[in-house]
Amino acid sequence: MCLTNTEVPVTSDVLRPPSWGRRIASPHLAQLLDHLVPPPAWVQVDTASIQHGGESVAAVLRAHGVRFLFTLVGGHISPLLVACEKLGIRVVDTRHEVTAVFAADAVARLTGTLGVAAVTAGPGLTNTVTAVKNAQIAQSPVLLLGGAAGTLLQNRGALQAIDQMSLFRPLCKFCASVQRVRDIVPTLRAAAAAAQSGTPGPVFVELPIDVLYPYFIVRKEVVPAMPPKGLMGRVVSWYLENHLANLFAGAWEPQPEGPLPLDIPQASAQQVQRCVEILSRAKRPLILLGSQALLPPIPADKLRAAVETLGVPCFLGGMARGLLGRNHPLHIRQNRSAALKKADVVLLAGIICDFRLSYGRVLSRSSKIIIVNRNRKDMLINSDIFWKPQEAVQGDVGSFMVKLVEGLEGQTWASDWAEELREADRQKEQTFREKALMPAAQHLNPVRVLQLVEETLPDNSILVVDGGDFVGTAAHLVQPRGPLRWLDPGAFGTLGVGAGFALGAKLCRPDAEIPVMALIGNDAGWTQISREQVPCLGSNVACGLAYTDYHKAAMGLGAQGLLLSRQNEDQVVKVLRDAQQQCRDGHPVVVNILIGRTDFRDGSIAV
């Protein structure tokens, strides 16, 4: 078993004899025999067994509570797909490998458990790179299982064989290539623990084809049917037999399959107490809650209760959107930069000072900053340039919030601070209403359309946002109705997550208002880019598109398609409700909304 970049130690019990190659005259035989790992004498090979490695994979996944496996089928991984189906793990096939990983990512975020995708070797794996990187930056515990050429055919020009380990080492917390069937179970357990421990993230396990198929099939492919003649032939045959024996030795010996203990960092009592003292003296405290706050072990309802008990105004970002429901008095939605400048104590809970906080420049030098994060490197990013923390706490965010509330029991703050922030919210939202009444030069005003979406959105909806300008506008206007009901790509800004995220979301929340209703803000251009490109550089090159009939394309694929344009401007609510009804009837729906351009997001940047 080859392990790299791992946070969970896994050791091999077999060492290669280093002297074999020096005792063989033929350099070709030396190369073969130098890589032979003989099986331990105490381990037997069950040559009559029809079991296969795919069953071991499925058993570990089931023991870890995995309910869904996302895939695009390939011969390298067929055994594990069939085995998962037999054990009741739902195998969900997609039309592209990147979608499979996006769907697994959505499951990980919404459930707080492992999301799993399995793809075939070579191009199957390279197609997942963007989604794996997105999961890494979003800190999602995703397990990627990848097929590979047989162990004997590595680096010999096999079909779809590349150095997959080098490709995924920079993207994953844990990378392992399984070289023996008996190593499948411990390797997957270690991978699952690594994905969910510390700062969560994606992990990769490579499963060569000969560790997944049963002995009799692998033997047929590896060992010649007719015994070879001559010394060279006999030595090669002996080598192949030994390789096969090592591959399957002890394959079906009972092994523990369940989860290993997770390593979740916790703030010390002393750190929590220092933060309690800082907040207790605050007059204008402010909290920014990010995705890490929603990670296990603290459930969303307990975190919400802690925030409400604390009574400090807060901004919510990432997976924390919707934590307080709709229109909660503590939830401040607009004018974040201005609020940060006025606050005397700011708690960054699972939020880091990257581009989203202008690298820390939006924080006031006179504010006391408390930051809590599982990842120390992320936590201190740019702290030596634009900002400085009063307290930097490495630990689980949700657990920290609960302890903070316990330490501040009975503490209250003057209501005028929260009311000041709410009044600024009301003023900003009044400007939105005014912008919504201004007709666009052509087609529909996107601000007005999204206000109507907000008014008609059911409480059980999950919002999957995938896009640029239209989504950026929606983030100001459309509110998730509860915790874990908002999915965006995260800090990587990846476009194309929509289909996979929606697929994963529907499986996790079958009562939600999908099969998918896709609202396409069709402005016939890359407006988020052209807004800056045209005035700065004087050209709209590569930004112009056509008003495509996406609703007709959807109908051609078996979905329902609806069109909203200036011709039925007074029917927006009716069309949206018709789309919702068709969803309830079991049909996926695409609403093609032709929108014009407004100045709503002037000044926003796309780099």
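About the criteria used
- Residues numbered from 1 in each chain as written.
- Predicted model: local features only at pLDDT ≥ 70, side-chain atom pairs only at ≥ 80, totals over all residues.
- Heavy atoms only, no water.
- Helix = DSSP H or I, 4+ residues; strand = E, 2+ residues; numbered from the N terminus.
- Rg over C-alpha atoms; globule rule 2.2 N^0.38 Å.
- Buried < 20%, exposed > 50% of the residue type's maximum accessible area, 1.4 Å probe, protein only.
- Contact = heavy atoms within 4.5 Å.
- Areas by Shrake-Rupley, 256 points an atom, 1.4 Å probe, with all protein chains shown as cover.
- Core = buried A, V, L, I, M, F, W, Y, C linked by side-chain atoms within 4.5 Å.
- Salt bridge = Lys/Arg side-chain N within 4 Å of Asp/Glu carboxyl O.
- Axes fitted to C-alpha atoms, helices over the stretch in contact; angles between N-to-C directions.
- Left-handed = near helix turned anticlockwise from the far one by under 90°.
- Pairing = 2+ DSSP bridges.
- Phe/Tyr/Trp six-rings, centres within 6.5 Å; stacked < 30°, edge-to-face > 60°.
- 1 Å grid on protein atoms, 1.4 Å probe; cavity = no way out; pocket = protein on both sides within 12 Å on 5 of 7 lines; lining within 4 Å.
- Points joined across faces, edges and corners; volume = space filled by probe spheres on them.
- Nonpolar A, V, L, I, M, F, W, Y, C, P; charged D, E, K, R; others polar.
- Arc of directions from axis to C-beta.

## What about the overall build of the protein chain?
Okay, step 1: Looking only at helices and strands, the protein chain features 23 helices and 17 strands.
Okay, step 2: Relative to the 2.2 N^0.38 estimate, which gives 25 Å for 607 residues, the radius of gyration of the protein chain is 28 Å and therefore close to what a compact globule would have.
Okay, step 3: Taking the principal axes of the C-alpha coordinates as reference, the protein chain spans close to 90 × 60 × 45 Å.
Okay, step 4: A buried classification covers 54% of the 607 residues belonging to the protein chain.
Okay, step 5: Partitioning the intrachain contacts of the protein chain with sequence separation of at least 6 by distance along the chain shows that 74% fall at a separation of at least 24.
Okay, step 6: A total of about 27200 Å² of accessible surface is found on the protein chain, and carbon and sulfur atoms cover 55% of it.

## Regarding the nonpolar core
Okay, step 1: F400 and M401 are the most contacted members of the largest nonpolar core, which totals 75 residues.
Okay, step 2: Apart from residues no more than four positions distant in its own chain, F400 is found in contact with A267, V272, C275, L347, I370, V372 and V393.
Okay, step 3: Listed in part, the 45 residues of the second largest apolar core include C84, V116, V178 and L244.

## Thoughts on the pattern of salt bridges
Opposite charge on two side chains allows them to pair when their charged atoms are near.
Okay, step 1: Within this structure, the stated rule accounts for 18 salt bridges.
Okay, step 2: Salt-bridge contacts for R180 lead to D183; the nearest nitrogen and oxygen are separated by 2.7 Å. Across the pair, exposure class does not vary: R180 and D183 are buried alike.

## So, the packing of helix α17 (residues 415-436) against helix α18 (residues 446-456)
Okay, step 1: Taken N-terminus to C-terminus, the directions of α17 and α18 make an angle of 115°; their axes are 7 Å apart at the nearest point. Crossing geometry of α17 relative to α18 is assigned as left-handed. For the pair formed by α17 and α18, the contact residues are F432, R433 and A436 on the first element and V447, R448 and Q451 on the second.

## Observations regarding the environment of A306
Okay, step 1: Its location among the elements puts A306 in helix α13 (residues 300-310).
Okay, step 2: Taking the C-alpha atoms as reference, A306 lies 35 Å from L144; in sequence the two are 162 residues apart.
Okay, step 3: When neighbours within four sequence positions are excluded, A306 is seen to be in contact with M401, V402 and V405.

## Digging into the sheet that holds strand β11 (residues 368-373)
Okay, step 1: With parallel pairing, the five strands of this open sheet are ordered in space as β9-β8-β10-β11-β12. Edge positions in the sheet fall to β9 (314-316) and β12 (391-394), since each has one partner strand and no second. Across the sheet, the mean angle from the axis of one strand to that of its neighbour is 10°, orientation sign disregarded.
Okay, step 2: Two strands pair when backbone bridges link them, and β11 and β12 are joined in this way by four bridges, in the parallel orientation. What sits directly across from V372, in β12, is V393.
Okay, step 3: Across the sheet, helix α12 (residues 269-280) is in contact with β8 (285-289), β10 (345-349), β11 and β12; its angle to β12 comes to roughly 140°.

## Things to note about the packing of aromatic side chains
Note on aromatic pairs: each is described by the distance of the centres and the angle between the planes.
Okay, step 1: Evaluation of the coordinates by the stated rule reveals four aromatic pairs.
Okay, step 2: When the centroid spacing of 5.9 Å and the interplanar angle of 90° are considered together, the rings of F102 and F501 count as edge-to-face. A residue pair is termed long-range when its members are at least 10 positions apart, and F102 in helix α4 (residues 97-111) and F501 in helix α20 (residues 498-508) qualify at 399 residues.
Okay, step 3: Overall, F102 belongs to the buried group, its relative accessible area being 2%.

## Some thoughts on the sheet that holds strand β16 (residues 560-564)
Okay, step 1: The strand order across the open sheet built from three strands is β15-β17-β16, with neighbouring strands paired in parallel fashion. Either end of the sheet is taken by a strand with one partner, and the two such strands are β15 (517-522) and β16. For this sheet, the mean angle separating the axes of adjacent strands, direction not counted, is 15°.
Okay, step 2: Note: β16 against strand β17 (residues 589-594), five bridges, orientation parallel. Across the sheet, the residue bridging to Q560 is V589, located in β17.

## Notes on empty space enclosed by the protein
Okay, step 1: A full pass over the atoms with the stated rule returns two cavities of 30 Å³ or more.
Okay, step 2: Of the volumes computed, that of the largest cavity is approximately 120 Å³.
Okay, step 3: In this structure, the largest cavity is lined by 14 residues; those nearest its centre are P446, D469, R531, G596 and T598.
Okay, step 4: Breaking the lining of the largest cavity down by element, the ones donating at least two residues are α18, α19 (469-477) and α21 (527-537).
Okay, step 5: Residue contributions to the lining of the largest cavity peak at three residues, all from α19.
Okay, step 6: In this structure, the second largest cavity occupies an estimated 50 Å³ of space.
Okay, step 7: As for the second largest cavity, its lining consists of A121, A148, A149, Q154, Q160, A161, I162, Q164 and E206.
Okay, step 8: Tallied by class, residues from the lining of the second largest cavity come to five nonpolar, three polar and one charged.

## Here we look at α13
Okay, step 1: Here α13 has its buried residues at A300, L303, A306, V307 and L310. Down the axis, α13 shows its buried residues gathered within 120° of arc, on one side only. Structural note: α13 exposes D301 and T309 on the side pointing more than 90 degrees away from its buried face.
Okay, step 2: Of the residues flanking the end of α13, it is G311, one or two places downstream, whose phi is positive at about 75°.

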